[in-house]
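# Structural features, examined
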Amino acid sequence: MKKIILTTLLLGLALPAQARILNVVTTTTDLKSVVESIGKDKVKVFSLGDGDQNYHFLSAKPSYMVKAKKADLFIRVGLDLEIGYESLILDGSRNPAIRVGRQGHLDASEKIKPLDVPDKVDRSLGDIHVGGNPHYWLDPLNMKIVALSIASRLSELSPENRSAFEKNLADFNMKIDLKMNEWKKKLEPYAGEKLITYHKTWTYFSGRFGFEIIGELEPKPGVPPSPSHLMNVVNMVKENNVKIILNENIYTDDAARYVAERSGAVVVSAPISVGGAKGTDDYFLLMDKIVQDVAGGFQP
Amino acid sequence: MKNFLICIFVILFMCPQAKADELSELKSMFQQMQVQMSEMAGRIEQLEREKQTQAAKDKQEINQLQAQVEKLEQSETKESKSFFSTLNPQVSVLGDFIYKIDENGGEGDNDFNMREVELAFSANVDTWARGDVVVAIENEDGTEVALEEAYLTLLETPIENLQGKFGKFRPFFGKVNQMHLHQLPWSDYPLAVQNFLGEEGWSEHGVALNYLIPNPADIYSELTIGGFNSGSTVLGGDEENETVYTAHWKNFFDITDETSFELGTSFLTGENGNGDGARTYLSGVDVTLNTELLKDRRTTSHTEVLFNTHEQAPGDDIHSWGMFTSLEQQLTNRWWAFGRYDFSQTPTASEVDTRAYSTGLTFAQSEYVFWRAMFTRTDNETSDDDNTVWLQMDFSIGPHKPHAYR
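Values in this document were obtained by computation on a predicted structure and should not be read as measured data.

With that settled, consider the sheet that holds strand β4 (residues 105–107) of chain A. All names here are of chain A. An order of β2-β1-β3-β4 is seen for the four strands of this open sheet, with the pairing classed as parallel. The open sheet is flanked by β2 (43–47) and β4, the only strands paired with a single partner. Taken pair by pair, the neighbouring strands of this sheet meet at an average axis angle of 20°, ignoring direction.

In this structure the tally under the stated criterion is 22 aromatic pairs over all chains. Connected via pairs of aromatic rings, a cluster forms that spans Tyr190(A), Trp202(A), Phe205(A), Phe209(A), Phe211(A) and Phe298(A). When the ring centre of Tyr258(A) is taken as reference, the NZ or CZ atom of Arg262(A) above it lies at 3.7 Å. Here Lys165(B) stacks its cationic end above the ring of Tyr151(B), 4.4 Å away from the centre of that ring.

Before going further, it helps to examine the domain arrangement of chain A. Residues and elements named next belong to chain A. Domain assignment breaks chain A into domain 1 (18–112 + 125–180) and domain 2 (186–298). On a C-alpha basis, the centroid separation for the pair domain 1 and domain 2 is 26 Å. Contact with domain 1, which involves 29 residues of that partner, is made by 27 residues of domain 2. Of the roughly 2,300 Å² buried at the junction of domain 1 and domain 2 (both faces included), carbon and sulfur atoms supply 61%. Here domain 1 is connected to domain 2 by two salt bridges. Scanning the region where domain 1 abuts domain 2 turns up 13 residue pairs in polar contact (both at pLDDT 80 or more). Counting only elements with at least two residues in the side of domain 1 that touches domain 2, the list comes to α2 (29–39), α5 (140–157) and α6 (162–187).

Turning our eyes to something else, we now look at the interface of chain A and chain B. Bring the parts together and some accessible area is lost; that lost area is often taken as the interface size. Contacts between the two partners involve 31 residues from chain A, matched on the other side by 36 residues from chain B. The junction of chain A with chain B conceals about 2,500 Å² of combined surface from both sides, 48% of it contributed by carbon and sulfur atoms. Our count for the chain A to chain B interface comes out at seven salt bridges. The salt bridge involving Glu222(B) is made with Arg94(A); its shortest N-O contact spans 2.7 Å. On inspection of chain A and its partner chain B, the count reaches 18 residue pairs in polar contact (both at pLDDT 80 or more).

Thresholds applied
- Residues numbered from 1 in each chain as written.
- Chains lettered and ligands numbered in written order.
- Predicted model: local features only at pLDDT ≥ 70, side-chain atom pairs only at ≥ 80, totals over all residues.
- Heavy atoms only, no water.
- Pairing = 2+ DSSP bridges.
- Helix = DSSP H or I, 4+ residues; strand = E, 2+ residues; numbered from the N terminus.
- Axes fitted to C-alpha atoms, helices over the stretch in contact; angles between N-to-C directions.
- Phe/Tyr/Trp six-rings, centres within 6.5 Å; stacked < 30°, edge-to-face > 60°.
- Lys NZ or Arg CZ within 6 Å of the ring centre and 35° of its normal.
- Domains from an automatic or database assignment.
- Contact = heavy atoms within 4.5 Å.
- Buried area = accessible area lost by both parts, 1.4 Å probe.
- Salt bridge = Lys/Arg side-chain N within 4 Å of Asp/Glu carboxyl O.
- Polar contact = N/O pair within 3.5 Å; in protein donor to acceptor, adjacent residues only side chain to side chain.

Here it is in structure tokens:
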């Protein structure tokens, strides 16, 4: 009997000492993938969006509020990507810990140097983001910055796991560096090539890998392609010898094919988020797929 | 011969001596040149080093200046952002413009009509609360300014999962009543809502507390109870100073990632002004099914049923009911088709049935502008049947806050 009581007491003492698993809610699968790389078995992550969705237009489903209710940490991409639904989810969750400005809320764009920051803000310019282009996750080096922010915040919330998070961060960074060499090597032969994209999604990607985006199929961000604009794009493609039209696979490729058929360019439909295509279950696999698709588009 | 031999000897002996001197001189010159070259190389190296140092210094200076500029820019942005976000609420303007063609047209029909302009202000009040004010400028019998909503939402309370709403707002009763005109998927409110809650729904001064009910299945289950003034059309009179009590229970289920189901029940009661404590009891059920099996092809089905008991003299209660069911189908990412069936009795005359059949198309020019055409056939039991065509355009200016999921 004495033994049982002792064992129970020991177990009781041991349980609180056991590190708890952090519940993390991210708005995108890319952030989810990074959190899983850093947190590994110390985190349980739920992404509101799926990789094949347009993150600009997620809905504030009440079920998301229930997920957010249980979250220790809520991570957003930031730069107004989630402006259409985040406040409803945070307010509806009744979870004070994850409200903006609290320790349980992280804006992953905080330390990112944004591109495409508009000089002028006006709705006549389309769906522009005041703080800059939010698609920064497509530059792998930006994800090192994001990973650092995530590791720091996870460590603040779970100090007992700090060393594990730091080790995982180092592993993540090392893998990014190794893969960067591989990705750069594959895309190096095409550096300097001009691209047409559907939306302003590829700014960070093209900057990192040396492409030049000379136009989009959308006349303005968020405005669907019009026939007259597409004819201008056809001329642009011909004049600049553009070889590929890089179409985010969350958008239909009808407009891209229209231009391609009239200009001789090749349409490359690529995923832009983890889970956005078969075999892109984590961030590295996503970038592998994008690099493979883009390089493939240039090959005859 | 002897002299000749001596000459040869002298020549042979003296020449190497002269050559050796010359070589020595050349050697010395060469060494001097080597020293000079080495000095010059050193000088060049030194100059290059100086140049590199200067370039590094310049670079460092440029970097420092750039950092200073960035810092200044950031602080400026932060200052301006904090200024705007702290002192200025988000201000939006929403316009609703219609042309209603009605064969039995009343005032405002068969004419252009800027039916309503809403001015919406919204901001966090402090750490715990948010404030919203909506002023409606309506064009009905002349221009009329009305306080449509003005309320404080207490986002955090000492009781976990509990939030509160205080002020004038649309009470939680059914789903459509909480929607403003521009949020409706049709051009008007359904007949049952108009008859039992008010022509443009019910907005009243009061208090509501809503509680998210914890449950092991992690279903969104929210219970809201409220108390409101009775001074509105809901209970048939505004003389009473009695309170109208409301309750709403909302349950939301994610069936799959693409399909969701919502079930809500509502109830309200209050004295109706018929004397002797006569009360009105209104209860309702709302059911919504949303599915998007194909991308940009969302289907929304929504039904509400309302049951009303209106006490008059003892034993002379009026029981009436109404319902509507609607189906919206997204055709492309910007086009929607919809249909709605309405049935409603009136709260004080259950024998009068009205039925209406509506169908229409909505084109979303962008997130901020939509165009709509709707046709309604209304069968009235006590008056002429009616055919109505609505042409509608709505727009919004400013950072209008996001709409709740429907």
